[in-house]
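Structure at a glance
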2 protein chains.
Amino acid sequence: MANGRVVHTADRAIGSRQLAALLPSEVLARPGYRGLADAVRTLVLDGRIALHVRLPAERELAQALGASRATVTGAYDLLRESGYVRSRRGSGTWTELPEGHGPVGAHLLPGAGGYSADGDPGIDLAIAAMGAPEDSLTEALAWAAPRLPALARHPGYHPFGLPDLRAAVADRFTGRGLPTRPEQILVTSGAQQAFSLVTALLCRPGDRVVTENPTYANALDALRHARLRTGSIAVSDAGWDMEIAESTLRQTVPRMAYVIPDFHNPTGALMPPEQRLRLLAATRSTGTWLVVDETIADIALDVPAPAPLASLGPRGGADHVITIGSLSKTHWGGLRVGWIRATAKMITELTAVRVSADMTGSVLDQVVALPLMEAMDRTLPARLARLRAQREALVRSLQRHTPEWSWHLPPGGLSLWVDLGEPVGSALSERAGAAGVHIGRGARFGVDPGTFEHRLRIPYTLPADRLDEGVRRLAGALHDGVPLAPAVDRPYWVA
Amino acid sequence: MANGRVVHTADRAIGSRQLAALLPSEVLARPGYRGLADAVRTLVLDGRIALHVRLPAERELAQALGASRATVTGAYDLLRESGYVRSRRGSGTWTELPEGHGPVGAHLLPGAGGYSADGDPGIDLAIAAMGAPEDSLTEALAWAAPRLPALARHPGYHPFGLPDLRAAVADRFTGRGLPTRPEQILVTSGAQQAFSLVTALLCRPGDRVVTENPTYANALDALRHARLRTGSIAVSDAGWDMEIAESTLRQTVPRMAYVIPDFHNPTGALMPPEQRLRLLAATRSTGTWLVVDETIADIALDVPAPAPLASLGPRGGADHVITIGSLSKTHWGGLRVGWIRATAKMITELTAVRVSADMTGSVLDQVVALPLMEAMDRTLPARLARLRAQREALVRSLQRHTPEWSWHLPPGGLSLWVDLGEPVGSALSERAGAAGVHIGRGARFGVDPGTFEHRLRIPYTLPADRLDEGVRRLAGALHDGVPLAPAVDRPYWVA
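So, how was this worked out
Residues numbered from 1 in each chain as written. Chains lettered and ligands numbered in written order. Predicted model: local features only at pLDDT ≥ 70, side-chain atom pairs only at ≥ 80, totals over all residues. Heavy atoms only, no water. Pairing = 2+ DSSP bridges. Helix = DSSP H or I, 4+ residues; strand = E, 2+ residues; numbered from the N terminus. Contact = heavy atoms within 4.5 Å. Axes fitted to C-alpha atoms, helices over the stretch in contact; angles between N-to-C directions. Least-squares fit on C-alpha atoms with pLDDT ≥ 70 in both. Expected span 1.5 Å × (residues − 1). Buried < 20%, exposed > 50% of the residue type's maximum accessible area, 1.4 Å probe, protein only. pLDDT = per-residue confidence, 0-100. Salt bridge = Lys/Arg side-chain N within 4 Å of Asp/Glu carboxyl O. Core = buried A, V, L, I, M, F, W, Y, C linked by side-chain atoms within 4.5 Å. Buried area = accessible area lost by both parts, 1.4 Å probe. Polar contact = N/O pair within 3.5 Å; in protein donor to acceptor, adjacent residues only side chain to side chain. Nonpolar A, V, L, I, M, F, W, Y, C, P; charged D, E, K, R; others polar. Phe/Tyr/Trp six-rings, centres within 6.5 Å; stacked < 30°, edge-to-face > 60°. Lys NZ or Arg CZ within 6 Å of the ring centre and 35° of its normal. Parallel < 35°, antiparallel > 145°, perpendicular 65-115°, else oblique. Left-handed = near helix turned anticlockwise from the far one by under 90°. Domains from an automatic or database assignment.

What follows deals with the sheet that holds strand E5 (residues 208–213) of chain A. In sheet architecture, strand pairing relies on hydrogen bonds along the backbone and comes in two forms, parallel and antiparallel. Residue and element names in this part refer to chain A. One open sheet accounts for eight strands, arranged E4-E11-E10-E9-E8-E5-E6-E7; its pairing is mixed. Where the open sheet ends on each side, the last strands, each with one partner, are strand E4 (185–188) and strand E7 (239–240). In the sheet, E5 pairs with strand E8 (residues 256–259) via three bridges, with the strands oriented parallel. Bridging from a neighbouring strand, threonine 211 pairs with tyrosine 258 of E8. Lying over the sheet, helix H10 (residues 217–225) contacts E5, strand E6 (229–236) and E8, oriented at roughly 165° with respect to E5.

And the structure:
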């Protein structure tokens, strides 16, 4: 458990010691200008150093690294030529992105223009999400269309969400064992917005938060943007180490903890009931807000869908638990409908943050969501059956093409957390890109830089033939040509 | 021009001197417990003191105010009873909202549940927006429906926006005189999100930004949430004082300036071309990002629609200008489609912020937006004609019911910035609420607390009969019963 390690570097300027603390140990041991430039570039691309941040003056950084001034000058020159920094006369050297580069810290992105009809679209193994279930969206839209004109006579601002949808989401919680009133629901534009609103309301820059490690890459990005200090609870194939989690909560008293107890992303682990109770009790006793991400809770492949974690608390839910979810995995990510369940009072407060973030959500998406929510229990089984078949297909493909890799079969969720046996995830991901396979490095799911280099998250959300082709290409990238350069797969030295 | 006044109070705790600096001078002159409680409550409701912030210890605040401890204790007791603070044993007194209260700092909100079918909906003069134009939304949806299935086969994540829509928005800029490539467009969920993304990318807590004063209330809220220091450029019925604006830019060198040059909200003023050129030059020379909000630019009632401010710069637009806009005023606020126009490089950077904020936008809304954008030049004239008629109706109603009020007839936009002749805006707004009229106080548009108490923004976005009924009820609230208590309409004393 990394506890209290400072990851945020999103200030206007980064100091030389702060930068040194983020560099891998082999760069520190023998600083060369190429290695230094590569390391800084990786930090920028990972979002560890924010954009529009001033790097240390060359002389200062050279001193901090015990390197020659020429080394730093050479590194900055390389970065400038490749477009990762820009020097402004008299005001130093600032991070930026080369023209045309894809977004930084945006893990779940398809190609820059979205899905293009031009050329080979490649095989996208970076997104653990499927298209919408056959016909259901069309039917829902047909239901929604005649209902739109009445709503469209008004200005269309419903920051809390459409009343009917708030009620439908509340009813679903109640049916799952957590009695909930509509006033306890804020309808958001997806679960990512739910998380960023909760973070904005509850945390101030510098506050300490705890996440699982590894955890959802875009949640880590949101915490970095909010300039929070991130501690972590280790999750492995064996699950959560609740003893260490409890002691970290006691010692660091974080403002907020963020967990994915149901088919955890990326490991797929399912938190056992007794650990849920301990987590509830530990966060209550430290006054820590517990944010539970249920985005994947309904993707229960081999076990019954778990009850909401908050339902294990007092009847009506523990007040310090905030539950978020969305229709992105059960239905479609292009439909921006998610939610937050909290006390009615906190929902009111969150809505003010929401107004300042984006005012209100799509009315059309919310009306379409109503029949989808209504029909969910009838439509979900077919989707789960398809995912089971694709999971089986992915396993067969991995056994065939990459027998040296290993994985734990998760009881639910949308991906395998594959162990490569050696720390080559970043190198493999880069080489795979050239072969038309888009896949996120395991390192993107790690709280600390450079960790999880021996992992890849491989979703089974594509049809079997595409999965097989993707794994075949990954194996080709792994075995062909020169061996992949292993990365340093251990925590970095931190000042 | 208030320059460098610190408005942000969104830290975890507020100090006694910091709080004293926000209090009105009459409370400071003769501190009584009721006056103190009222003043703190107003600061919380205005978002000047954030929620979940610890107030100073009673003894400290008493010292800072030169008041008795009993005064502060009495004030805190009152606030506790009315639900605006909560005391936690051993950890002080924290701001919060009473159960069931509407959101704070959310100016443009209808009733808490959105438009309800129950009871008297009242007359909403707080929202300067209309329903969707007759039929156009239905037709656009009919066009979009058959196109959805092809998009729904993919996961639906398009963080930059659908390529066709990026191209359509770019074409519209080009047609208005500002050559723009699709890569320079990020499609957002409305203009408020556009503004909050730009702020998140460019500004860090404590950075200095400049807005007009008065300005759009929800933009001020977003700046407060981002913990920025707000300076201001005064805008009156006579327009912008560009000389003072230039000197303030020179003296304070703000990170960002936010302006609404086209039918400025709330005054309706239109910035003349020579002032646009001076603003462009002044911000360029101080290295200040200039954010131009074009949300209302198409609502040109008496003049031709203005060309984009950025088009006055070098061909292709000045790199330091970021232009935002949306379909909320020309079409419908319930359709969450807005945009940012900037350099292609900055659009890439903004998209990473967007992914961490809410991942991506509604696909359905974006497909529906395509035919609406296409038909805009054909559909807009009828909407503008209706707004002209309603503006005329509002003027007649004001002349009839409240002849003592005055206003400047704006050449475009959606509202009148009415001068009440005395600083009774807050009191009137409160009393009007009891009469079923929802209207925002002028003070919500002011950078500094307690200013613009003699103003109301009255939109002409309702039908003539509703406008007349609304003004009639406002006049009733103004004239009936005891005279309204005037507020202190001048800048507060600041430590």
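What follows concerns the relation of the copies chain B and chain A. When chain B is fitted to chain A, the best match, at an RMSD of 0.0 Å, comes from turning it 180° and sliding it 0.0 Å along the axis. These values place the two chain copies in the arrangement generated by a two-fold rotation axis. Most of the interface of chain B is mirrored in chain A, where 98% of its interface residues are also at the interface.

Residue and element names in this part refer to chain B. Pairing in this open sheet of eight strands is mixed, and the strands run E4-E11-E10-E9-E8-E5-E6-E7 from one edge to the other. The strands lining the two open edges of the sheet, one partner per strand, are strand E4 (185–188) and strand E7 (239–240). Bridge analysis of strand E8 (residues 256–259) against strand E9 (residues 289–293) gives four bridges, and the strand direction is parallel. Each bridged residue has a counterpart across the sheet, and for methionine 256 the counterpart in E9 is tryptophan 289. Against the sheet, helix H8 (residues 163–175) touches E4, strand E10 (321–326) and strand E11 (338–341), its axis set at about 115° to E4. Where helix H10 (residues 217–225) meets the sheet, its contacts fall on strand E5 (208–213), strand E6 (229–236) and E8, and the angle it forms with E5 comes to roughly 165°.

Looking now at helix H12 (residues 273–286) of chain A. Given 3.6 residues per turn, any residue in an α-helix points the same way as the ones three and four places further on. Residues and elements named next belong to chain A. Helix length check: H12 (14 residues) gives 20 Å between terminal C-alpha atoms against 20 Å at 1.5 Å per residue, within 8%. Residues of H12 that are buried include every one of Gln275, Arg276, Leu279, Leu280, Ala282, Thr283 and Thr286, and no others. The elements touched by buried residues of H12 are E7, helix H11 (242–252), E8, strand E9 (289–293) and strand E10 (321–326). Backbone geometry just after H12 places glycine 287 at a positive phi near 65°.

The next subject is the confidence of the model for chain A. The predicted coordinates of low-pLDDT regions are not to be read in fine detail. All names here are of chain A. Per-chain confidence: chain A averages 88 in pLDDT, with 91% of residues scoring 70 or above. Below pLDDT 50 for its whole length, residues 1–10 participates in 38 contacts with residues either more than four positions away or in separate chains. Confidence over residues 488–495 falls short of pLDDT 50; this stretch has 23 contacts with residues more than four positions distant or in other chains. For this predicted complex, the interface score ipTM comes out at 0.82, alongside a pTM of 0.82.

This next bit is on the pattern of salt bridges. Residues and elements named next belong to chain A. Inspection of every chain in the model, using the stated rule, returns 40 salt bridges over all chains. For aspartate 221, the salt bridge is made with arginine 224, and the minimal N-O distance between the two is 3.0 Å. On the criterion of helical spacing, the pair formed by aspartate 221 and arginine 224 is a turn pair, its members being three residues apart in helix H10. Residue classification places arginine 224 among the buried positions, given a relative accessible area of 8%. A salt bridge links arginine 354 to aspartate 358, with the nearest nitrogen and oxygen atoms 2.9 Å apart. Taken together, the residues span about one helical turn, with arginine 354 and aspartate 358 both in helix H13 (residues 344–358) at a distance of four residues. For the pair arginine 354 and aspartate 358, a shared accessibility class is recorded, and that class is buried.

Quick look at the nonpolar core now. Counting 99 residues, the largest nonpolar core has Leu165, Leu290 and Val368 of chain A together with Leu165, Leu290 and Val368 of chain B as its most contacted members. Other than its neighbours up to four places away in sequence, leucine 290 of chain B contacts Ala257, Val259, Leu279, Leu280, Thr283, Leu309, His320, Val321 and Ile322 of chain B.

What follows deals with the interface of chain B and chain A. Facing the 88 residues of chain B at the interface are 87 residues of chain A. Carbon and sulfur atoms supply 60% of the area that chain B and chain A bury against each other, a total of about 7,100 Å² over both sides. Seen at the junction of chain B and chain A, the total is two salt bridges. A salt bridge links glutamate 96 of chain B to lysine 345 of chain A, with the nearest nitrogen and oxygen atoms 2.9 Å apart. For the interface between chain B and chain A, the tally reads 27 residue pairs in polar contact (both at pLDDT 80 or more). Only helix H6 (136–144), helix H7 (148–152), H8, helix H9 (191–202), H10, helix H13 (344–358) and helix H14 (363–374) of chain B provide two or more residues apiece to the side of chain B that touches chain A. Ranked by the residues each element gives to the side of chain B that touches chain A, the list is headed by H13 of chain B, at eleven residues. Taken together, the residues that form the side of chain B that touches chain A break down as 45 nonpolar, 25 polar and 18 charged.

Moving on, we get to the packing of aromatic side chains. On inspection of all chains with the given rule, the structure shows six aromatic pairs over all chains. Aromatic pair phenylalanine 195 of chain B and tyrosine 258 of chain B: ring centres 4.5 Å apart, planes at 45°, arrangement tilted. Placement of the pair is phenylalanine 195 of chain B in helix H9 and tyrosine 258 of chain B in strand E8, with a sequence separation of 63 residues. Where tryptophan 417 of chain B meets phenylalanine 452 of chain B, the ring centres are 5.8 Å apart and the plane angle is 55°; that geometry is what we call tilted. Remark: phenylalanine 452 of chain B occurs in the loop between strand E13 (437–438) and strand E14 (455–459) and tryptophan 417 of chain B occurs in strand E12 (residues 415–419); sequence separation between them is 35 residues. Accessibility expressed as a relative area gives 3% for tryptophan 417 of chain B, which makes it buried. Among the aromatic residues, ring-to-ring pairing joins Trp417, Phe445 and Phe452 of chain A into one connected group. For arginine 147 of chain A, the ring lying beneath its charged end belongs to tryptophan 143 of chain A, and the centroid distance is 3.7 Å.

Residues and elements named next belong to chain A. Locating valine 471 in the fold gives a position in helix H17 (residues 464–479). We classify valine 471 as buried; its relative accessible area is 0%. Those residues in contact with valine 471 that sit more than four places away from it in its chain are Leu394, Ser397, Leu398, His401 and Thr402.

One way to put it is that helix H14 (residues 363–374) of chain A packs onto H14 of chain B with a least axis distance of 8 Å and a crossing angle of 125°. Considered as vectors, H14 of chain A and H14 of chain B are oriented oblique to each other. Once H14 of chain A is placed against H14 of chain B, the crossing between them reads as right-handed. Packed against H14 of chain A, whose contacting residues are Leu364, Asp365 and Val368 of chain A, the element H14 of chain B presents Leu364, Asp365 and Val368 of chain B at the interface.

All names here are of chain B. Two elements in contact, H8 and H14, have axes separated by 9 Å at closest approach and are oriented at 30°. As far as their axial angle goes, H14 and H8 are roughly parallel. Along this stretch, H8 crosses H14, giving a crossing that reads as left-handed. Contacts from Asp164, Leu165, Ala168, Val169 and Arg172 in H8 reach Gln366, Ala369, Leu370 and Met373 in H14. For the contact of H8 with H14, the per-class residue count stands at six nonpolar, one polar and two charged.

All names here are of chain A. Once the domains are mapped, chain A shows domain 1 (9–95), domain 2 (100–128 + 378–495) and domain 3 (153–374). Counting from both sides, the interface comprises 30 residues of domain 2 and, opposite them, 31 residues of domain 3. Summing both partners gives a buried area of about 2,600 Å² for domain 2 against domain 3, and 54% of it is carried by carbon and sulfur. Summed over the three residues of domain 2 that lose the most area to domain 3, namely Pro411, Phe445 and Val447, the buried surface amounts to 23% of that side. One salt bridge in this structure joins aspartate 221 and arginine 444, with 3.0 Å as the shortest N-O distance. Where domain 2 meets domain 3, there are 13 residue pairs in polar contact (both at pLDDT 80 or more). With eight residues, helix H15 (residues 376–401) is the largest single contributor of residues to the side of domain 2 that touches domain 3.

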